[in-house]
Amino acid sequence: MNRRYRRCGNGPGTLSPDDQAAVDAFIATLAARRSPGQDTADEHAKNAAPHETGEEGDTHDRQGAPMKTCVFCAIAAGEAPAVIVREWPDALAIRPRSGGVNASHLLVLPRVHVDDAGTDPEVTAAVMRRAAELMAEHPAANLITSKGAAATQTVFHLHVHVLSRQEDDGLPLPWTPQHTARAAAQNGVTSP
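Residues numbered from 1 in each chain as written. Predicted model: local features only at pLDDT ≥ 70, side-chain atom pairs only at ≥ 80, totals over all residues. Heavy atoms only, no water.

Focus on the overall build of the chain
In plain terms, the rule: Where helices and strands are cited, they refer to DSSP runs of H or I of at least four residues and of E of at least two residues respectively, numbered from the N terminus. The cut-offs for exposure are 20% and 50% of the maximum accessible area for each residue type, with area from a 1.4 Å probe on protein chains only; residues under the lower value are buried, those over the upper are exposed, and the others partly exposed. Contacts: residue pairs with any heavy atoms within 4.5 Å of one another.
For the chain, the helix and strand inventory stands at five helices and five strands. Put simply, the chain runs from its N terminus to its C terminus through helices and strands in the order α-α-α-β-β-β-α-β-β-α. Per-residue burial over the chain gives 35% buried out of 192 residues. The long-range fraction of contacts in the chain, counting pairs at least 24 apart against all pairs at least 6 apart in sequence, stands at 52%.

Written out as structure tokens, the structure reads:
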């Protein structure tokens, strides 16, 4: 079946038949919203040009079609290892391979391939809703996502970082006063 959106990978993953039916229904809903004249995922992949930069490690073509090396697609399909913390029909939450920046650090990613939060508002909204469910479990937390390499995106499959926070946790964000103070301290500058 041609559709603009598809499950990541080809395998059934770890979903129950009911959850798989829910994923298929979600995908069908997204496909029905496809703008007239847009390629289906299969047509898109067939017509797509190689990635413009050709950098080693690229996992998507110029138009964002997933290639076989997308690690999050493989995780969503159950074809790559991951510590899965929570699953929903449309998304899953995993621990970063590195362990993350703190013990609560999770990544929430859609089961369909979407490059980033700006690519598809419907999928992004679904992922944000799931991330918000996890965030609600903490008294203080950040939700963080990036679009593009200049914004520090390193895996070009939409994902949202969920991080619990506490006072003086030593985890500054680039636009906070803590980051400025930390950078100054690392450069040997003292505060007046």
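Brief notes about the state of the cysteines
Here is the rule: Cysteine sulfur atoms are paired as a disulfide whenever they fall within 2.5 Å.
Summed over the entire model, instances satisfying the criterion amount to zero disulfides. For C70, which is in no disulfide, the shortest distance to another cysteine sulfur is to C73 and amounts to 3.5 Å. Overall, the relative accessible area of 3% leaves C70 in the buried class. On the basis of relative accessibility, which here comes to 7%, the residue C73 falls in the buried class.

Quick notes on the pattern of salt bridges
Keep this limit in mind: By convention in these notes, a salt bridge is any Lys or Arg side-chain nitrogen within 4 Å of a carboxyl oxygen on Asp or Glu.
The final tally for this structure, using the stated rule, is six salt bridges. Among the salt bridges present, the one from R86 reaches E137, with a minimum N-O distance of 2.8 Å. One end of the pair, R86, is in strand β1 (residues 84-87); the other, E137, is in the loop between α4 (121-135) and β4 (141-144), with 51 residues separating them in the sequence. For R111, the salt bridge is made with E87, and the minimal N-O distance between the two is 2.8 Å. Taken together, the positions of R111 in the loop between β3 (106-110) and α4 and E87 in strand β1 put the pair 24 residues apart, joining distant regions of the chain. Given a relative accessible area of 34%, E87 falls into the partly exposed group. Each of D90, R129, R130 and E133 takes part in a single network of salt bridges with overlapping partners.

Comments concerning the environment of V108
With respect to the helices and strands, the residue V108 is situated in strand β3. Separated by 24 residues in sequence, V108 and A132 have C-alpha atoms that sit 9.9 Å apart.

Thoughts on the side chain of H113
Convention followed: Two N or O atoms form a polar contact when they lie within 3.5 Å of each other; inside protein one atom must be a possible hydrogen donor and the other a possible acceptor, and for residues adjacent in sequence the pair counts only when both atoms belong to side chains.
Considering the arrangement of structural elements, one finds H113 in the loop between β3 and α4. When its relative accessible area of 12% is taken as the criterion, H113 is described as buried. Among the polar contacts made by the side chain of H113, one reaches the side chain of D115 at a distance of 3.0 Å.

Topic: the sheet that holds strand β2 (residues 91-94)
By way of backbone hydrogen bonds, the strands of a sheet pair with one another, either parallel or antiparallel. Note the cut-off: Two strands form a pair only when DSSP identifies at least two bridges running between them. To obtain an axis, a line is fitted to C-alpha atoms, over the contacting stretch when the element is a helix, and the angle between two such axes runs from 0 to 180 degrees between their N-to-C directions.
Sheet architecture is open: five strands sit in the order β1-β2-β3-β5-β4, paired in antiparallel fashion. Single-partner strands in this sheet number two, and they are β1 and β4. On average, each strand axis in the sheet is tilted by 20° relative to the strand beside it, whichever way the strands run. Sheet topology note: the β2/β3 ladder contains four bridges and is antiparallel. Paired with A91 across the bridge in β3 is P110. With respect to the sheet, α4 is in contact with β1, β2, β3, β4 and β5 (160-164), its orientation differing from that of β3 by roughly 150°.

Things to note about the nonpolar core
Rules: We define a nonpolar core as any set of buried Ala, Val, Leu, Ile, Met, Phe, Trp, Tyr and Cys residues linked to one another through side-chain atoms lying within 4.5 Å.
Judged by nonpolar contacts, the single largest core of 14 residues is most densely connected at W88, V108, V123, V127 and L134. Of all the elements in the fold, those that place two or more residues in this core are β2, β3, α4 and β5. Top element by residues in this core is α4. It accounts for four residues. Listed in part, the 11 residues of the second largest apolar core include C70, I94, L107 and L109.

Examining the confidence of the model for the chain
The line we're drawing: Every residue carries a pLDDT, the predictor's confidence in it, which falls somewhere between 0 and 100.
When pLDDT is averaged across the chain, the result is 74; 59% of the residues are at 70 or more. Below pLDDT 50 for its whole length, residues 9-14 participates in 11 contacts with residues either more than four positions away or in separate chains.

Details of unusual backbone geometry
Positive phi, close to 80°, is recorded for T152, a residue that is not glycine. Residue D168 is not a glycine yet carries a positive backbone phi of 55°. Residue classification places D168 among the exposed positions, given a relative accessible area of 79%.

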